[in-house]
Amino acid sequence: MGGKALKSPGKRAIPSLAYLEHVPNFSIGPDNPESETAPVLPVAGATASHAAKSAIASSATAIVPQGGLFWDGRADTLQQQALGPLFDPAEMASTPLIARNRIENAPYTKSIKALAGPAAETSPDLLLSEALFALARYQIEEPSFHRYNSKFDAWLEGKTRLTPQESAGYRLFNDPMKGNCAACHLDRPLPGNLPPLLTDRQYEALGAPRNMALMGPYENGHFDLGLCEAMPGGSKQSGAYCGMFATPTLRNVADRKVFFHNGVFHDLRRVLDFYVLRDIQPELFYSRDTHGRVRKADDLPAQYQSNLDRTDAPMDRKPGDQPALTPEERAAIIRFLETLTDG
Ligand code: HEC
């Protein structure tokens, strides 16, 4: 809860501020997440339609949204990001005036002023933006925001062993026919032998169930459409991106209390069940309409349902198909996720 009286719920789950030190600006471009060389130019006629991902090969011609901060990529820098919670009436509920007054009367007032230079004396906005910049630098320079010292990191460096269940989970996480998680939650070291971030920083529409506690019933017609609303022109212009949210890092995920952009799930077992059973047993996750029929992807209006990812395993199943992972295999993947916790 946030807001002036600490009684207002935000609209989304709080994303982690860790491991954001290398996030590129938001862009829509070729799907080439692992390459640091110049991107392949988009081929004429390439569209935003969903191209299947695979842990082994990625299509360099697919044009995909990527980068940016928040669940919908609407901020490019940590400095810009900090403005969000600070001035959101349902979060810290501050105003530029309150914030500037605080900065003028803080133990660190002198150092912020020194950083901002003489121009800040006449431009209070400059002082505020210097403070936001300092916040951003803090998150980049302070090592505890990106410790890379999980068991998984130690294992990648050859310093420890995974238990049999953890390594079974790791294999399933990477197997394109089974979990296929690594297609989006990249877990191989990056160029320059940098530790993996467990995200490709791209966007997908997975069809997370509606969180009634936050959004109220389907009938009230309010939807959190994610990426398309954050883009210029909103959902009218960029309907192809409605329902898409950023792929989050899975580092420290076992420490989280809520999962997905709307916090609809509260334990990893439910998340894994959702990935595997979404289209096989939708009644386990979605609400029903007035006729008692299950409303699939009940947080996405009908005109955007085609944006749903139905091509990538394990979400490529139809009713009557076998789930991509057995309950034991799902449990093994959770054991692997637990190795991603720092410290
Ligand atoms: C096609 C890309 C893709 C694949 C494949 C994929 N994920 Fe995700 N994952 C996402 C996206 C996008 C989200 C955020 C969805 C949302 O909030 O609506 C997400 C969210 C999550 C979360 C919630 C994290 C948080 O902080 O809330 C977990 C846990 C997770 N994924 C685990 C997995 C596992 C385990 C697998 C394999 C079984 C997997 N994912 C496969 C894209 C993917």
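Residues numbered from 1 in each chain as written. Predicted model: local features only at pLDDT ≥ 70, side-chain atom pairs only at ≥ 80, totals over all residues. Heavy atoms only, no water.

## Some words on the site of the ligand
- Surveying the vicinity of the ligand reveals 26 residues, the closest of which are Cys181, Cys184, His185, His261 and Tyr275.
- Measuring from an oxygen atom of the ligand, one finds a side-chain N or O atom of Arg256 at 3.0 Å.
- Within the backbone of His261, an N or O atom sits 2.6 Å from an oxygen atom of the ligand.
- Elements supplying a minimum of two residues to the shell around the ligand: β4 (245-246) and α10 (268-277). (Near = heavy atom within 4 Å. Polar contact = N/O pair within 3.5 Å; in protein donor to acceptor, adjacent residues only side chain to side chain. Helix = DSSP H or I, 4+ residues; strand = E, 2+ residues; numbered from the N terminus.)

## Comments concerning the environment of Gln79
- Mapped onto the fold, Gln79 is located in helix α1 (residues 78-87).
- For the pair Gln79 and Ile98, spaced 19 residues apart in the sequence, the C-alpha separation amounts to 18 Å.
- Once residues within four sequence positions are removed from consideration, Gln79 is found in contact with Ser129, Leu132, Phe133 and Ala136.
- For Gln79, the side chain forms a polar contact with the main-chain oxygen of Ser129, separated by 3.1 Å. (Contact = heavy atoms within 4.5 Å.)

## What about the coordination of the iron atom of the ligand?
- Taken together, the protein donors to the iron atom of the ligand comprise His185 (NE2) and Tyr275 (OH), at separations of 1.8 to 2.1 Å.
- Metal-centred angles of 85 to 179° between the 6 donor atoms at the iron atom of the ligand mark the site as octahedral. Residue His185 is found in the loop between α6 (164-174) and β3 (203-204), and its partner Tyr275 is found in helix α10; the two are separated by 90 residues along the sequence. (Donors = N, O, S within 2.8 Å, 3.2 Å for Na, K, Ca; no water. Tetrahedral: all angles 85-135°; square planar, octahedral: opposite > 155°, others 65-115°.)

## Regarding the packing of α1 against helix α4 (residues 124-141)
- For the pair α1 and α4, the least separation of the axes is 8 Å and the interaxial angle reads 110°. In terms of orientation, α1 lies roughly perpendicular with respect to α4. Considering how the two elements wind past one another, α1 and α4 form a crossing that is right-handed. Of the residues in α4, those in contact with Leu78, Gln79, Ala82, Leu83, Leu86 and Phe87 of α1 are Leu128, Ser129, Leu132, Phe133, Leu135, Ala136, Gln139 and Ile140.
- Residues belonging to the contact of α1 with α4 are distributed by class as follows: 11 nonpolar, 3 polar and no charged. (Axes fitted to C-alpha atoms, helices over the stretch in contact; angles between N-to-C directions. Parallel < 35°, antiparallel > 145°, perpendicular 65-115°, else oblique. Left-handed = near helix turned anticlockwise from the far one by under 90°. Nonpolar A, V, L, I, M, F, W, Y, C, P; charged D, E, K, R; others polar.)

## Details of the UniProt feature "domain: Cytochrome c" (unreviewed entry) in the protein
- Per the UniProt record, "domain: Cytochrome c" (unreviewed entry) is annotated on residues 164-341.
- Note that residues 164-341 is 25% helix and 2% strand, and that its end C-alpha atoms are spaced 18 Å apart. (UniProt positions renumbered as here; feature names shortened; annotations may be inferred.)

## Side note on unusual backbone geometry
- Cis geometry marks the peptide bond from Ala313 to Pro314; its omega dihedral reads 0°.
- Its place among the elements puts Pro314 in the loop between α10 and α11 (327-338).
- Despite not being glycine, Arg201 has its phi angle at roughly 60°, a positive value.
- Inspection of the secondary structure assignment puts Arg201 in the loop between α6 and β3.
- According to the relative accessible area criterion, Arg201 is buried, its value standing at 16%.
- Its identity as a non-glycine residue notwithstanding, Ala297 has a phi of 45°, on the positive side.
- Checked against the element boundaries, Ala297 lands in the loop between α10 and α11.
- Given the relative accessible area of 1%, Ala297 is considered buried. (Buried < 20%, exposed > 50% of the residue type's maximum accessible area, 1.4 Å probe, protein only.)

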